[in-house]
Amino acid sequence: MFSIRNFTLILFTAGISFLNPVMLIAQLQAKEELSVSFVGICTGNKVNVRAGADINYEVITQINKNDKIVVLGKSYKWYKIKIPQGTDCFVHKDYIQSKGNLKKIKGDHINIRSGPDIKHSVLGQLNNNDPVKIKTQEGDWYRIAAPKEFFAWVYSDFIKYYSTLAEFELEQEHIHQRQDLFEKLEYDYKKQDRKSVV
């Protein structure tokens, strides 16, 4: 039968009795918390993205098949990801100040939540003069675009490897270049077409 005492005896016999078995177990568990960075692709529809690495945490958004996300790390069966584009969060109106046409945070360590109430999960914090993009007002709360530096969690079984960050950035650059070229060609065509009509 396993016990901490027996485990200590094994360590002593192996010549590593200086290790505290409780600390060793914690270190072994910590190996499940990995630092990885890559772009993943979602393999399912309506996959929940949560505020923490457990099904008991609040769902803050969902991703669908072929959506790409940036994976920052892993804790057991959960990926830590950059919060998906289009995710909204909330800040209380008392912590928003106007600077010209800009809206900025008033105060330090201001909680940004997943919903318009203090019962909702804290997704991160912002500090004085951090800019925010306000979408709507809901009671005493502003709905804002989630800052790019915020993160969330998704179950790893629904994510498979897509590319490295560098490869993905290069791919996005090529896409933008093609879009720019298409828009230029479309503009030149319309311009030439107007001349023909005249």
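Below is a short write-up of the structure. Owing to the predicted nature of the structure, the values given are computational and were not obtained by experimental measurement.

### Things to note about the pairing of strand β14 (residues 141-145)
Every regular strand shows the same layout, with side chains that alternate between the two sheet faces. In the sheet, strand β7 (residues 88-92) pairs with β14 via five bridges, with the strands oriented antiparallel. Bridge pairing in β14 places F90 opposite R143. Note that strand β13 (residues 134-138) and β14 share four bridges and pair antiparallel. Note that in β14 the partner of Q137 across the bridge is Y142. Between β13 and the antiparallel strand that follows it, β14, lie two residues; G139 among them carries a positive phi value of about 65°.

### With respect to the pattern of salt bridges
Counting across every chain of the model gives five salt bridges. The salt bridge involving K77 is made with D157; its shortest N-O contact spans 2.9 Å. Of this pair, K77 sits in the loop between β5 (68-75) and β6 (78-82) while D157 sits in the loop between β15 (151-155) and β16 (159-163), placing them 80 residues apart in sequence. Looking at K77, the relative accessible area reads 38%, which means it is partly exposed. A salt bridge links K93 to D140, with the nearest nitrogen and oxygen atoms 3.2 Å apart. Placement of K93 in the loop between β7 and β8 (96-99) and of D140 in the loop between β13 and β14 is noted, with a sequence separation of 47 residues between them. Look at D140 and you get partly exposed, because its relative accessible area is 39%. When salt bridges with common partners are traced through the structure, they connect D88, K135, E138 and R143 into a single cluster.

Cut-offs and rules
Residues numbered from 1 in each chain as written. Predicted model: local features only at pLDDT ≥ 70, side-chain atom pairs only at ≥ 80, totals over all residues. Heavy atoms only, no water. Pairing = 2+ DSSP bridges. Helix = DSSP H or I, 4+ residues; strand = E, 2+ residues; numbered from the N terminus. Salt bridge = Lys/Arg side-chain N within 4 Å of Asp/Glu carboxyl O. Buried < 20%, exposed > 50% of the residue type's maximum accessible area, 1.4 Å probe, protein only.

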